[in-house]
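# Structure at a glance
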Amino acid sequence: MSSAEAALWWARARAEGPLRVPSATRTPVGMLRLVEPGGERCWLLPKPPDDVTPAVLPELRMQAIPVEYPNETSRVLAAALRCCWTDSQASPWPGQPTTVREVLDVVDQLVPGRGEEVLLRLGTGALRRLHASRWLDVDDEAQRVCFGPRVATWPDQDLPALRELCRELPFPRPDWEPDR
Amino acid sequence: MNEQLGLDAAAAEQAVVSVFEQIVAVLARQADAAITDAALFQLADTLFAAFARAGEDGLTAEQIRAACAAFPDEVIDNRLGVLRKLGAIQPAFDKPYQREYRASFTSYVSMLFVQRMLARGGQSELHQLLTLEKIRLEGGQSTAEEAREVAVGVTTALRLLVAELVALTIGGTVEALRERAPLLWNAKSLIDQASAVHEILLEFWPELSRWCGELRSAIAAYEDASTNASARLMAAAGTSRALNLLPPEMWKRFARRATVDELAAVLADQVFDAPAPWHDVADLAEAVAGTPQPTSGRSTPPRSRVPDGDEQPPGEWSDAEAERLAGVAEEVLGDRDAVAVEQVLSGTDWVTARRVLADLVAASNNARLGYQLTWSGTVEVRPGSVPSWLTHGVFERARGPV
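Bear in mind the structure is a predicted one, so any value in this text is a computation, not a measurement.

Rules used throughout
- Note on numbering: residues in each chain are counted from 1, in written sequence order.
- To read the labels, note that chains go from A and ligands from 1, taken in the order they are written.
- Local features are withheld for residues below a pLDDT of 70 in this predicted model, meaning they are given only at 70 or higher, and side-chain atom pairs are given and counted only at 80 or more; totals for whole chains, interfaces and linings count all residues.
- A run of DSSP states H or I qualifies as a helix once it reaches four residues; a run of E qualifies as a strand once it reaches two. Both are numbered from the N-terminal end.
- Counting other C-beta atoms within 10 Å of a residue's own tells you its class, since 20 or more makes it buried, 12 or fewer makes it exposed, and anything in between is partly exposed; those C-beta atoms are placed from the backbone.
- Two residues qualify as a contact pair if the distance between their C-beta atoms, derived from the backbone, is within 7 Å.
- Each residue is assigned to one of three groups, with Ala, Val, Leu, Ile, Met, Phe, Trp, Tyr, Cys and Pro labelled nonpolar, Asp, Glu, Lys and Arg labelled charged, and all others, Gly among them, labelled polar.
- Interaxial angle, 0 to 180 degrees, is taken between N-to-C directions of lines fitted to C-alpha atoms, where a helix line uses only the stretch in contact.
- In a left-handed crossing the near helix is turned counterclockwise from the far helix by less than a right angle, and in a right-handed crossing that turn is clockwise.
- Any two strands with at least two DSSP-identified bridges between them are counted as paired.
- To define a nonpolar core, we join buried Ala, Val, Leu, Ile, Met, Phe, Trp, Tyr and Cys residues through C-beta atoms within 7 Å and take the resulting set.
- Those domain boundaries reflect an automatic or database domain assignment.
- One less than the number of residues in a helix, times 1.5 Å, gives the span that helix is expected to have.
- Taken from the helix axis, the directions to the C-beta atoms give the arc we talk about.
- Here roughly perpendicular refers to angles of 65 to 115 degrees, roughly parallel to angles under 35, roughly antiparallel to angles over 145, and oblique to all remaining angles.

Turning next to the overall build of chain A. Assigned secondary structure in chain A consists of five helices and six strands. Going residue by residue from the N terminus, the α and β elements of chain A occur as α-β-β-β-α-β-α-α-β-β-α. The buried share among the 180 residues of chain A stands at 35%. Counting contacts in chain A only where the partners sit at least 6 residues apart, residues at least 24 apart contribute 57% of the total.

Have a look at this one:
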C-alpha cells in the first residue's frame, strides 16, 4: 500500500471514526486492525505511536470532544465492561455479548434507589451515545450489547486499572427484572 | 404535500417581489405601481427572449401574444400597455399604423441586473461599482466634482449597509440575519476595495479630505457591523456546530469523495479523529467511585424539646434482639423464677459460657425485659475448672415488666 493510500485511510478514519471494511482490505500503516468475531469484516482504527490517547488533550490545553451526561455515560460503559469482559487476563476486545438488561442491572446496583423509568431513560441514552461513538455496539432489536472497536484503543498500561475497576463492580443479578 | 409546496412557493415569490419593489422604489411614482406578482417578471423575460429571436424585424402584437401564450390575454394586454408607455418596447419605425415593435436593450439589461440583485442582495454590485470607480479614478481623467460624488455615493451605500446589518444583529431574529447573510460574504474584500478607492481619492484630491474622513468612518463602521453580525451567526449555530454551518450529510459526502489534498487541508489542525469522545480509564473509575448515594429525599422532622413521655407505649415495641434475649432467658430459667449463674455456666467451655453470660447481662440491662442479674460480693478462684474465676450471682425474673 502506498503512503498516499495510507494517508487517505487515515483521513477517512479521522473524519468518520473507526472504519468497518471487508477483511480482505490491507491494513494501512499505523492503523489497528480488529477482525470481527464473524471474520468477514474488520475494523480499522488509527493507532497513534507510543500508546498516546486523546487523554493527553487536556495536557496540551486542547478541547476534547465533550460527552453528554459524562458520569452516567462512564458508569454505563463501566457496567458494560463488567458484563462483556469475561476473561480479564486477555484484552477486552472482542469480549462476550451481553444484554441491555444485564448492563442496566449493574448500573442499578451502582446507583440504587432510582426509579426504573429513570434508570431506563438515562441508561438507554448513555447506550445510544456509546453506540454512536463506537465504544459499544448496541443492537436495539435483539437487546444485545457488545464492545465497539474503540474499546481496543485503551492502551495496555491502562488494563490493570480497568481490571481493578471491574473487580469492584457488582455482577449482574440473574433474577433481576426491570418492572416497567 | 401540495399545500406545503404552495405555501413555500408563495413565500419564495413574496421574497422575490419584495426585492423588485425595493429596486424600483426610487423610480416608482406610486406605491402600488410596481408589479406584485413574480409571474409578470417571467412574462417580461419571455417577451424579451421572443424579441431577441425575432431580430431586426421586430414582432407584431399578434406574434407577441403567440410568444406569451402561456399567460392570460388580459395580463398580456396590460403588460404591453405598460411596457409600451414606459418605452421598454417601441415601434420599430416611426410612422403611422406601425405594426412591428422592437424591444429596448436598456430594459433587458436592467432585468439581468435585477436578477443579480436578487441573488446577492446588491453587495456584488457594490463590489463592481468600487472596482469601476477605482479604475476610473486611477486614470486621472476625473474632475474633483466627480471624485466627490464617488466618495459621497460609496459612503452612503456603506452607511445604509451598516444600518441594515446593525438592525438585524441587534434587533432581528437569527433567521432574518441568516437570510441576509450574503451581505456578509466577502466583507473583507469589500473593505479592501473601499479603502483602495479612499486612498486614491486622498492622493489625487487632497481637498476632499472631509469627504474622505466620512468614507473612512463608514468603512470602519461596516467592518464592525459585519464582524458583529458574523459573531451572532456563529453563536447561534452553537458550539457543537461552530465549524460546520453545513449539514452533516454534506460533510460526510465530502469526506467520501474528496481527494487526499482536500481532506488533508480540512483536517490539518485536527490531532485525533474528530467525531467521538474519549473515555479515559480514570474518568470511568471516578464516575463509578463517585456514584451519588441514594437519599430518601426526606429529612427527619425537628424533635420537640419537651420529652417524648409515653409517646411510645411499652406494648408497641418490636425488637428482634430483645425477643432473642427473652428466648435465651426463658431457656435458662425453664419454669423456675431464679437460677444461679454458676449452675448455668458449669459444664460448658469458656467460649460458650462467655456468650451465655453476655446474653444474660444484656437481658438484665434491657429495661423492657423483666429479668435481672444479681451479683454477690465474693469471688471464687477455681484453678482448672471453667470458669476459673467465678462471682456468685443469680439470674431471676423481676417482679413484673418495668
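It is worth spelling out the overall build of chain B at this point. Counting secondary structure elements, chain B contains 16 helices and six strands. Buried residues in chain B amount to 16% of all 402 residues. Taking all contacts inside chain B whose residues are at least 6 apart in sequence as the whole, residues at least 24 apart take part in 62%.

Taken together, the contact between chain A and chain B spans 39 residues of the former and 26 residues of the latter. Secondary-structure elements contributing two or more residues to the side of chain A that touches chain B are α1 (3–16), α2 (70–84) and α5 (159–168) of chain A. Sorting elements by how many residues they give to the side of chain A that touches chain B places α1 of chain A first, with nine residues. For the side of chain A that touches chain B, the class distribution of residues is 25 nonpolar, six polar and eight charged.

This next bit is on the packing of helix α3 (residues 100–110) of chain A against helix α4 (residues 116–132) of chain A. Residue and element names in this part refer to chain A. As a packed pair, α3 and α4 sit with axes 11 Å apart at the nearest point and diverge in direction by 115°. Crossing geometry of α3 relative to α4 is assigned as right-handed. The residues of α4 that touch α3, namely those facing V100, L104, V107 and D108, are L119, L120, G123 and L127. Of the residues in the contact of α3 with α4, the class split is six nonpolar, one polar and one charged.

Another point: the sheet that holds strand β2 (residues 89–91) of chain B. What links the strands of a sheet is backbone hydrogen bonding, and the strands pair in either a parallel or an antiparallel sense. Residue and element names in this part refer to chain B. With antiparallel pairing, the three strands of this open sheet are ordered in space as β1-β3-β2. The open sheet has two edge strands, β1 (59–60) and β2, and neither has a second partner. Bridge count between β1 and strand β3 (residues 100–103): two bridges; the pairing is antiparallel. Bridge assignment links T60 to a residue of β3, and that residue is E100.

We now examine the sheet that holds strand β1 (residues 19–22) of chain A. Residue and element names in this part refer to chain A. Taken in spatial order, the three strands of this open sheet run β1-β3-β2, and their pairing is antiparallel. At either margin of the open sheet sits one strand with a lone partner, and together these are β1 and β2 (31–35). The sheet shows a mean angle of 30° between the axes of neighbouring strands, direction not considered. Contacts from α1 reach β1, β2 and β3 (41–46) within the one sheet, and its direction differs from that of β3 by about 90°.

What follows covers the pairing of β2 of chain A. Every regular strand shows the same layout, with side chains that alternate between the two sheet faces. All names here are of chain A. By the bridge criterion, five bridges tie β2 to β3 in an arrangement that is antiparallel. Along β3, the bridge assignment pairs M31 with P46. Between β2 and the antiparallel strand that follows it, β3, lie five residues; G39 among them carries a positive phi value of about 90°.

To continue, consider the pairing of strand β6 (residues 389–397) of chain B. Residue and element names in this part refer to chain B. When strand β4 (residues 338–340) meets β6, the two strands line up antiparallel, connected through three bridges. Bridging across to β6, A340 finds its partner in V394. For strand β5 (residues 371–381) and β6, the ladder comprises eight bridges, and the chain directions are antiparallel. Looking at β6, one finds that W375 is bridged to G393.

With that settled, the discussion passes to the environment of A92 of chain B. Mapped onto the elements of the fold, A92 of chain B is located in the loop between β2 and β3. Expressed as a C-alpha distance, the spacing of A92 of chain B and E56 of chain B, which sit 36 residues apart in the sequence, is 8.6 Å.

Soluble globular proteins: nonpolar side chains tend toward being buried together. Ranked by internal contacts, the top residues of the largest apolar core, which has 41 residues, are V76, L77, A78, A79, A80, V103 and L136 of chain A. For this core, the leading source of residues is α2 of chain A, giving eight residues. Here this core gathers at least three residues from each of two domains, domain 1 (3–49) and domain 2 (70–168) of chain A. If sequence neighbours within four positions are ignored, A78 of chain A has contacts with L165 and L169 of chain A together with L284, A287 and V288 of chain B. In terms of nonpolar packing, the next biggest core, distinct from the first, is built from 25 residues, L137, V154, L158 and L201 of chain B among them.

Residues and elements named next belong to chain B. In this model, helix α6 (residues 123–138) (16 residues) spans 23 Å end to end at C-alpha, consistent with the 22 Å of a helix rising 1.5 Å per residue. Buried within α6 we find L130, E133 and L137. All buried residues of α6 fall inside an arc of 70° around its axis, so they share one side. For α6, the exposed residues set more than 90 degrees away from the buried face come down to Q128, L132 and I135. On its buried face, α6 is in contact with α7 (144–170) and α9 (187–204). G140 occupies a position one or two residues after α6 and carries a positive phi of about 75°.

What follows concerns the packing of α2 of chain A against helix α13 (residues 281–289) of chain B. Where α2 of chain A meets α13 of chain B, the closest approach of the two axes is 8 Å, and the angle between their N-to-C directions is 100°. Here α2 of chain A lies roughly perpendicular to α13 of chain B, going by the angle between them. Contacts from N71, S74, R75, L77 and A78 of chain A of α2 of chain A reach α13 of chain B at D283, L284, A287 and V288 of chain B. Counted by class, the contact of α2 of chain A with α13 of chain B contains five nonpolar, two polar and two charged residues.

Time to look at unusual backbone geometry. All names here are of chain A. Along the chain, W93 connects to P94 via a cis peptide bond; the corresponding omega equals 0°. Looking at the secondary structure, you find P94 in the loop between α2 and β4 (98–99). Notably, R134 is not glycine yet its phi reads approximately 65°, a positive angle. Counting through the fold element by element, R134 comes out in the loop between α4 and β5 (136–139). On the basis of neighbour count, R134 is assigned to the buried category, with 20 C-beta atoms found within 10 Å.

Here the focus is α4 of chain A. Residue and element names in this part refer to chain A. Spanning 17 residues, α4 covers 24 Å between terminal C-alpha atoms, matching the ideal 24 Å at 1.5 Å per step. G123, A126, L127, R129 and L130 are the residues of α4 that are buried. Angular distribution of buried residues about the axis of α4 spans 160°; they occupy a single face of the element. Projecting away from the buried face of α4 at angles above 90 degrees are the exposed residues E117 and R121. Elements that come into contact with the buried residues of α4 comprise α2, α3 and β5. One or two residues past the end of α4 sits R134, with phi positive at roughly 65°.

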